[in-house]
Amino acid sequence: MSEHVWLLPLKDLDDDARAVKLGEVAEVELGEGQRRFVGDPLRMMLMGLEEDARHPFVIDVGGSAVGVLTLQTGAATLAGWADDTSVWLLRGFLIDRRQQGKGLGALAAEAAVRAAEKLTAAFGGGQAGVVLSVNEENPAGQAAYRKAGFEDRGQYLGRDAGPQRTMYRAF
């Protein structure tokens, strides 16, 4: 795969650039049944802009949004992690259905780990890595996370979307 994935931190963009990227996010299409797992991409980004603990990113390839993700502090137990403070939670991660199957998910997941490490250095939170949960009915997502270096840490049953796999990657 020769694509390069950029993570654009929405909170760092000026108002005009943010508006352009949010307009592109509004055009991101979810795959069949994906909404039940990740929600509306634009809504997630807007929520992330309002909360200090959330850091929303647009996944960009070739100058266009192909997906979104959010890194959040203080919420790792939402993915089945033992505590909320030792790691970042990767949530709301999705790739536009028209771009899936190209390896962009694994590249973006790797970039998210690097971004989380930079956030830890900038804010001094002491986190050691990134955790996420992925539905057991999503083998493609699980494979992308494994390709990005995430390790399966077991089943998590704490959410309403069905059995999940808790996955972790250290910095």
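Details of the structure are given in the entry above.
Everything numeric in this text was worked out from a predicted model, so none of it was measured.

### A few points about helix H5 (residues 139-147)
And then number 1: Taken together, the buried positions of H5 are Gly 141, Gln 142, Ala 144 and Tyr 145. Within H5, the buried residues cover an arc of 160° as seen down the axis, which keeps them to one side. Across from the buried face of H5, at angles greater than 90 degrees, the exposed residues are Pro 139, Ala 140 and Lys 147.

### Notes on the packing of helix H4 (residues 104-123) against H5
And then number 1: Following both chains from N to C, one finds H4 and H5 inclined at 50°, their axes separated by 8 Å at the closest point. Taken together, the axes of H4 and H5 are oblique relative to one another. The handedness of the crossing between H4 and H5 is right-handed. On the side of H4, the interface is formed by Gly 105, Ala 106, Ala 109 and Glu 110, while H5 contributes Ala 144, Tyr 145 and Lys 147.
And then number 2: Looking at the contact of H4 with H5 residue by residue, the classes come out as 4 nonpolar, 1 polar and 2 charged.

About the cut-offs
- Residues numbered from 1 in each chain as written.
- Predicted model: local features only at pLDDT ≥ 70, side-chain atom pairs only at ≥ 80, totals over all residues.
- Heavy atoms only, no water.
- Buried < 20%, exposed > 50% of the residue type's maximum accessible area, 1.4 Å probe, protein only.
- Helix = DSSP H or I, 4+ residues; strand = E, 2+ residues; numbered from the N terminus.
- Arc of directions from axis to C-beta.
- Axes fitted to C-alpha atoms, helices over the stretch in contact; angles between N-to-C directions.
- Parallel < 35°, antiparallel > 145°, perpendicular 65-115°, else oblique.
- Left-handed = near helix turned anticlockwise from the far one by under 90°.
- Contact = heavy atoms within 4.5 Å.
- Nonpolar A, V, L, I, M, F, W, Y, C, P; charged D, E, K, R; others polar.

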